[in-house]
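Fold and contact review
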Amino acid sequence: MRYSSHRFSFLAVASAIAFSFSTLRATRLNPDVYGPLGQQLFEAANLPDFFNWMVNIRRKIHEYPELGFEEFKTSELIRAELDKLGVDYIWPVAKTGVVATIGSGEQPFFALRADMDALPIQELVEWEHQSKIAGKMHACGHDAHVAMLLGAAKLLQARRHELKGTVKLIFQPGEEGFAGAYHMLKHSALDNIKAAFAVHVDPSDPVGFVASRPGPLLAGGGRFRATIKGTGGHAAAPHLSKDPIVAASMAVVAMQQIVSRETDPLESRVVTVGQIHGGVAPNVIPESVTIKGTYRSLSLEGLDDTKARIKQVIETQAAVHQCQAELEETSLRYPVTINDEGMYEHVKTVAEIVLGKPKVGLMKAAMGSEDFSFFGQKMPATMFMIGTRNKTHTVPENLHSPYFVIDEEVLKVGVVFHAIVAISYLDTYDDVVVKNHDEL
């Protein structure tokens, strides 16, 4: 979409005004108030009963991982814990999701979000609480996210009469490629939320450290499937066939040029083909080949352009080899995750007060994708990474690794981070400060 110069000027001015108010808002976060509050919350999270309760929740979820929109046991566990805490909730939201409510029931509404789903990965970490479900694993830390948010529910419920508004705790299904956030946001339980916050575990940073950045944080991404159809035949007589394997191979190679030769080197894009399926025997040319992949960019324009070029390259390479190609997007495309600058400044200031400035980092934008981006399209939202590594993890495993582990001490940091961000937001809320994106 193109904006006129007047429209662009209006948006720039509106953005600057909103950011200036948001900066003013951050300065209203009194360290003499939120420093002691952070200490009180940490004291609660450090109590053996409290910490062991969170650890047990995380381990139960870890032992029984469930894929997107199949999180029935996880959702049941969450609801059982909320019942014990006396926290009201709505369920089901987007099949397995849960939306809990703590506070006055009045505006402002502030959202904390945790994703629930696991990955189709066989866990290779040998420990007492290894996944008991073959081929499924919490290799992205969503089990920890849920435990942190339930911990935050416990802290917030104990202070529910002091909250100057309402906290919505969103336990979301289907982040891993299923766009669960998009589907949850269709429900009325998520209407009129003024702002949202989420964390994601990060094995590259030590426990006690958090990091993020204003503006684009994570890439938007789409997934595609292309079926290249030719004419099968005997491998000894290739001239009588139209070989889809050759066409697919050339298409995969040619797609690499989209990034390496067509994209500004200072602009981040990714095109990756992760699956190729074709053929049943070494001496048979198959009728068709299927390739599947992903494309990513830190801008909407980059996503659109890359998608168009993938289609053009595959169809052209198929035609060159006298084959036909059919392309489809296999899942809802994730937008770029963009941290609202005002919300980022607010959370960053809170983190510096509670954790100390040296433990709050400015991270680089990354090419992973997150469906929390859908929240950012509806309301001011921000996501922070939270470190899970300790000194015994000499070579920290990346997210989505079958060897992925976390230091469970991160649960203490995460529960306090969630709770104090919500409390401080409600304390300092002002209708002038946070503007609904739809109004601009």
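For the structure given in this document, a descriptive report is provided here. Here the structure is a predicted model, which means the values were calculated and not measured. (Residues numbered from 1 in each chain as written. Predicted model: local features only at pLDDT ≥ 70, side-chain atom pairs only at ≥ 80, totals over all residues. Heavy atoms only, no water.)

Here's the deal with helix H4 (residues 72–85)
The line we're drawing: In DSSP terms, a helix is any run of H or I states spanning at least four residues, a strand is any run of E spanning at least two, and both are numbered starting from the N terminus. How far a helix is expected to stretch is found by multiplying one less than its residue total by 1.5 Å. Here, two residues are considered to be in contact whenever any of their heavy atoms come within 4.5 Å of each other.
Taking 1.5 Å per residue, 14 residues should reach 20 Å; H4 reaches 20 Å between its end C-alpha atoms and fits that length. Looking at the buried residues of H4, the elements they touch are helix H3 (48–63), strand E1 (88–93), strand E2 (97–103), helix H5 (142–158) and strand E4 (166–172). Of the residues trailing H4, glycine 86 is marked for its positive phi of about 75°.

A word on the packing of aromatic side chains
Which entries qualify depends on this criterion: Only Phe, Tyr and Trp rings are paired, with Trp represented by its six-membered ring, and only when their centres lie within 6.5 Å; those with planes under 30 degrees apart are stacked, over 60 edge-to-face, the remainder tilted. Relative accessible area decides the class of each residue, using a 1.4 Å probe on protein chains only: under 20% of the type maximum gives buried, over 50% gives exposed, and in between gives partly exposed. Counted as over-ring charges are cases with an Arg CZ or a Lys NZ within 6 Å of the ring centre that also lie within 35 degrees of the ring normal.
Per the counting criterion, the structure on display carries 11 aromatic pairs. On the basis of an interplanar angle of 75° and a centroid distance of 5.7 Å, the ring pair of phenylalanine 50 and tryptophan 53 is categorised as edge-to-face. Of this pair, phenylalanine 50 and tryptophan 53 both sit in helix H3, 3 residues apart, which is roughly one turn of that helix. Each member of the pair, phenylalanine 50 as well as tryptophan 53, carries the same accessibility label: buried. A connected cluster of aromatic rings, assembled from ring pairs, spans Phe197, Tyr344, Phe384 and Phe417. Stacked on the ring of tryptophan 91, the Lys or Arg arginine 79 has its end atom at 3.6 Å from the ring centre. Over the face of the ring belonging to phenylalanine 51 we find lysine 412, whose NZ or CZ atom lies 4.5 Å from the ring centre.

Digging into the nonpolar core
Where we set the bar: Buried Ala, Val, Leu, Ile, Met, Phe, Trp, Tyr and Cys residues that are joined via side-chain atoms within 4.5 Å together make up what is termed a nonpolar core.
Ranked by size, the top nonpolar core spans 75 residues in total, and within it Leu82, Phe110, Leu150, Phe171, Phe197, Leu411 and Phe417 carry the most contacts. Per element, the largest residue contribution to this core is 13 residues, and it comes from helix H11 (residues 410–428). With residues up to four places along the chain from it excluded, the contact list for phenylalanine 197 reads Phe110, Ala111, Leu112, Arg113, Val347, Phe372, Thr382, Phe384, Phe417, His418 and Val421.

Some details on the packing of helix H7 (residues 244–260) against helix H8 (residues 300–320)
The criterion, for reference: To obtain each axis, a line is fitted to C-alpha atoms, and for helices this fit is confined to the stretch in contact; angles are then taken between N-to-C directions over 0 to 180 degrees. Whether a crossing is left-handed or right-handed is set by the direction in which the near helix is turned from the far one by less than a right angle, anticlockwise for left-handed and clockwise for right-handed. Residue polarity follows a fixed list, in which Ala, Val, Leu, Ile, Met, Phe, Trp, Tyr, Cys and Pro are nonpolar, Asp, Glu, Lys and Arg are charged, and the others, Gly among them, are polar.
Following both chains from N to C, one finds H7 and H8 inclined at 145°, their axes separated by 9 Å at the closest point. The hand of the H7/H8 crossing is right-handed. Only Thr306, Arg309, Ile310, Val313, Ile314, Gln317 and Ala318 of H8 make contact with H7, whose side of the interface consists of Ala247, Met250, Ala251, Ala254, Met255 and Ile258. Taken together, the residues that form the contact of H7 with H8 break down as 10 nonpolar, 2 polar and 1 charged.

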